[in-house]
Every structure is written in C-alpha cells, then in structure tokens.
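Below, each chain spelled out in residue letters.
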Amino acid sequence: MDAARRTMGLNVDKVKAKLDICRESLKKGYGGVFDGGFLNLFCFDFFDFCRTLHKFLIRINEEEEALGDVYLCLTQIMVCIKYLEKTIQLEIKRVVSISAARQHFLDRLYCRLDHLWSCVTSLSKKDYEKVANITIEENSFVALMDFILEQIKPYTNYKDDDSKLSTSTEINVSASMEQAVLVSTQIRGRVNIVIGHTLAFANVALESDKKALSALSQTVLRECIAWQTECELGLKQPNHYNVSNCRVKASSLENALYKLEDFINEALLRLVYRCLLDFEKFSIEKLRILMNQCEPDDPTIDEIVADFDVNLDRTTQIGIFAVCFAPNKQIGTLVRNCLSSFESLDSCIIPSLYAKGSGQLYSQLLECHFKEEVNNFKTAILEIADSQEFTVCFYDLLNQYLKDNEKNYNSLSLQEITQMGEILKQHFLLPINQKVLLKSGNCFQLFKKFCFMLSECQAILQTSERVDTKRVMKRFKILRSKLHRLIKGLSDDDINDCSEMFVHSGRENELNSTGIKSSLSVLSKSYGFIPLNEGRKSLSPANQHAKERRRESLRTAMFRRQKSAKTEELFNSYKNFSESLQITEILEQLSFTSIVPV
C-alpha cells in the first residue's frame, strides 16, 4: 500500500506540473490560440494516476465515508477536463484566446487535484493515525434527528414490543438521573444544530412556510429546555422528583421533533417545484437578453439577479437534503458535484454576462456548463423523489391555485401550475419512476389520462382571452380529478404490493374532504437509516438501534396512505403551535452561529 501511495504521489506531481506550465503561460500573457496538445499529455498522466488510484481503492473498505470525497473530486476533475477541451476547441474555431475560461477551469482542476490527494492521503493512513471527522451526512438534519430520537427513546412513553426491554428501560430511567442529565445535555447541543439547519432552510423556503418553520423551531427549543431542566431537577432533588414528569416532557420534545420534520418534508417538496420552475424563469439566456436591452444601472436587472441568487441558495438547501436521501453513492455524488459546480459558477457567471468581445465566448461556455449542471441536478432530484409523495404535493399546489383563481382569476398563475405539472410529468418519464407506474397497468393508464388533460389545460390557456373563464376553470378541475385518481392508484398499489422501497410502520396519513393530503411529504424513496461505522467516535453510539427504532417510529410511515380516524386528529394536533414567533427570537436563544457547509 505504501508503494501504491508513493506511485500516486509521483503521478499527482506530474499532473500538477502540467497545470503549472499552463498557469505560467497565462501569467506571461500568452495571446495566441491555445495549443490543445498539452491536454492530451495531461489526460494521459491523469488516467495513469486513476489506474493506480483504482488499485489502491479496491483495498479500502467500501463503507469509508472519505470515498465519497474521492468520487466527488474525480467527477469534478472530469467536468473541468471536458470544459477545458471545449474551450480549446472554441478557441481554435474562432481563432481567439479565451483566457478567462482557461483560467477558470485550470484553477478548479488544480484545486480539485489538491483535494483529491488529501483524501487519498487520509485513506492511506493507518486506523490509529486517522482523525475522526464529522462528515456532511453525519451532521445533516436527517442523521441528527435519528440520533436525537434514538437517545430520547428510553425517556419517553414509547413502548417497545419486547417487554424485557421495556422493563429494563424503566429501571434504567429511574435509577440513573446522572445519565439522564448527560443525555439531555447532548440532545440540547444536537437540537441546536437541527434548529440551525431548519433556520437555514427557512431563509430560502417559500414565504408561506417561513412562519410555521419559525414557530416549530421555537417549540422544539422550548420543549428541549423544559426536559433538560426537569432532568437537572431530578438530580438536584431526587426525593421530590417524579419520573412521570420527565417522561411527559421527553414525549413532548419527541412530538415536537416529529412535527418539525413532517413540516420540513412538506415544505421541501413544495420548494422543489418552485426551484425547478425558477430555473426556467431566471435562466442565463433570459438574463443576457435583459442585460442587452436595459441600461447597466437599471433596477430591473438587480431584481432578476437577486431572484437568480435566491434560487441558487434554494438549490443548495434542496441538495443538502437530497444527498442524505440519495439511494446510493453515485446519485449522492452527482448531487454534490452539481452543488460544487454551482458554487464555483456563482461568483463569475453573472459578471461574465457584462463582458464584451471574447468575453462573450467565456460567458457562453459558463452558460453551457450551468445548463448541464441544472439538467443533472433536476434529473437527480426527480429520481430521488418519491413518486406518490411528489404527486400528492402537486395535487395540494393545484388545489390551492384553483382556490385562488376562483376568487381572482389569473391566467399567468394557471400557466405556472401547468409548468409544475410538466415537472411531475418529467418525473414519471424517468425509467426508474416508470417502474412505479408499470407495477399496475391501471396506474399507467391513469398517468396517460393526466398527461392528456395537462396538455388540454395548456392548450386552452393559449386561447383563454377568447374563452369563458368558467370553461378554463372547469378544465383544470378535470385535471385535478384525473390527478386524484392517479394518486389513489399509486396509493392502492402501494398498499397491495409491499414494495421494497417502502418501510411499513404504524404512522398513518390523512384524508381531507377535498382529497388526499400529504402529511408526510419527503424527498426520498427509501428513507432507511444507515448506521455509521463502529469505529467512528464523532457522534454518540446511540445509532446502533436506530434502524429498529425507525421501523416502529412515527416517522417511518414512508408514504403509505392508510385511512384512520386517528389520522385527522393527529394532524390537527400538529397545527396547534404558536404563529406569533419569529426567526430572530429563536436565534437569540441559540448558542451557535453557523452551520457546517456543503
């Protein structure tokens, strides 16, 4: 292994030397057409390095989290090579030097090679030399919720099927208040981070969701403090302590966490529709046209650019959750690669639109790169999203749009909802999601009817000025009816066919008078908990039983739609939280100031 490491070190040095030559030529003001011969030599050395790296990686445990960083670096390097080649081809075709583009991709290449080498060096260290690092997935909202709920399990009213375990839990909670204080302190720290993730999401969430996210975060923090205080009271005054009070407060915290997660799951899917729609609304091409038509100091440009930036921020938040929900490392790496590319493009793509001359070619290259990453991101998100929940979310949005238009008709808003319908249609056109429809012939036919009605709604909007608005609304109501049947088909098929994608539990979803309502919208098809390596010490070992916990937990209904009288009562109880609390009030009570970045 040491020999492989030394060989890789030599190969990395060769690759870096090639980049150094390119960098020096740029510093000297090289102005001619860039010779592409260096790229062949660079690729030869790089692929030689990859062959050595492959021999090294097959000896590494596949569960090593650091492998994800290696895959990400390799993916980014391939992207940079691809666009560096496009740059050279465009230079040769136009007989002009596009130095800014070369500089951009060469800098990214150099940076990724450095990062790749640091990852390989970390992997090659002995176990006792490795430093325990908290990865993004480990510190994510999803993983932290798992740890918190697993830790709090012995202190709640949760009843395990195993009577022996329940008895031992009673004895443990009653006997060791010191342990309870320690656990409550640990949970308080993790709750702070969870709320931090929530507030980061709330900053870019839809305006209609921000207030609820703020109130739910405040509730979680309040319940956490109350339980921690109760545990400390039991340690200080054991003679006057009542175990039931501790259990009640722990249960209240648990329920508050469930409410928070449920609402974030719903808000996340709504944000996905908005974000994917805004990629078209605020495209680079439209920005370029607007900048050519308006004066540089026109406030309209600033507003559009601000909307573009907000959408990129939303993309980042969606991507953070998507990485955690990804069914495999490949999809997760694809999402992380898109986020990394967006981050590198964010600082230069808008300024490039103001460039003149050869700078416009640079702008076009960046636009091409951006479009490709948007398509990759969109495909990954649509592949990760659960078909039934994604459809239910669109049903809720369509229902709301129809209510708004019945009060105040607006054809532009109806066009917007049909564009969201196209996003749902694209979701089902992906091969992996077509399998969901093909499990039942009825579902496939229902989907075809939905697509036909969606095209009918798009057609009538084209002539809406000459058509009575009541006819337009009637057509959209028919679309809603077709969509409702599709949801019912997906739900019935899910209940009758115990697919591996779904995990059964006691959690039930709701039905309301207008149709199926999503109370457990989530981004993931299979939200199963994957335990971390036993050797990792960065988080509590409470995750050892997390998988069993999740199978029985309220959180693991995972998209099953079951009718129950208790469901509506449960959902209504979720709505009973304060609406007068603001995000700033929560920040004042938190002891942290930042979140671990992607």
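None of the values given here were measured: they were computed from a predicted structure. (Residues numbered from 1 in each chain as written. Predicted model: local features only at pLDDT ≥ 70, side-chain atom pairs only at ≥ 80, totals over all residues. Heavy atoms only, no water.)

Engineer: Sorry, what's going on with the environment of V194 here?
Structural biologist: Among the secondary structure elements, V194 is positioned in helix α7 (residues 177-204). C-alpha of V194 to C-alpha of S217: the two residues are 23 residues apart in sequence and 8.9 Å apart in space. (Helix = DSSP H or I, 4+ residues; strand = E, 2+ residues; numbered from the N terminus.)

Engineer: Sorry, what's going on with the environment of C338 here?
Structural biologist: Relative to the helices and strands, C338 resides in helix α12 (residues 329-346). As a C-alpha pair, C338 and K378 span 40 residues in sequence and 9.8 Å in three-dimensional space.

Engineer: Just to check I follow, could you spell out the confidence of the model for the protein for this structure?
Structural biologist: Caution applies to low-pLDDT regions: their predicted coordinates should not be interpreted in detail. Averaged over the protein, the pLDDT score is 74; the fraction of residues at 70 or greater is 66%. Per-residue pLDDT stays below 50 along residues 26-32; that stretch engages in nine contacts with residues further than four places along the chain or on separate chains. (pLDDT = per-residue confidence, 0-100. Contact = heavy atoms within 4.5 Å.)

Engineer: Just checking my understanding: could you explain the environment of L260 for this structure?
Structural biologist: Here L260 is to be found in helix α9 (residues 243-281). Residue class for L260 comes out buried when judged on its relative accessible area of 0%. Separated by 43 residues in sequence, L260 and S217 place their C-alpha atoms 7.0 Å apart. (Buried < 20%, exposed > 50% of the residue type's maximum accessible area, 1.4 Å probe, protein only.)

Engineer: Just checking my understanding: could you explain a negative patch on the surface for this structure?
Structural biologist: Together, E295, D297, D302, E303 and D307 make up a negatively charged patch on the protein surface. Among the structural elements, D302 can be located in helix α11 (residues 299-325). (Patch = residues over 30% accessible without salt bridge, like charges linked within 9 Å, V, L, I, M, F, W, Y side chains within 5 Å. Areas by Shrake-Rupley, 256 points an atom, 1.4 Å probe, with all protein chains shown as cover. Salt bridge = Lys/Arg side-chain N within 4 Å of Asp/Glu carboxyl O. Lys, Arg positive; Asp, Glu negative; His and termini not counted. Charge placed at Lys NZ, Arg CZ, Asp CG, Glu CD.)

Engineer: Sorry, what's going on with helix α5 (residues 141-152) here?
Structural biologist: For an α-helix the count is 3.6 residues per turn, leaving residues at separations of three or four pointing the same way. The end-to-end C-alpha separation of α5 is 16 Å, in line with the 16 Å expected for 12 residues at 1.5 Å each. Burial of α5 is extensive: 12 of the 12 residues sit out of reach of the surface. For α5, the complete set of buried residues consists of F141, V142, A143, L144, M145, D146, F147, I148, L149, E150, Q151 and I152. (Expected span 1.5 Å × (residues − 1).)

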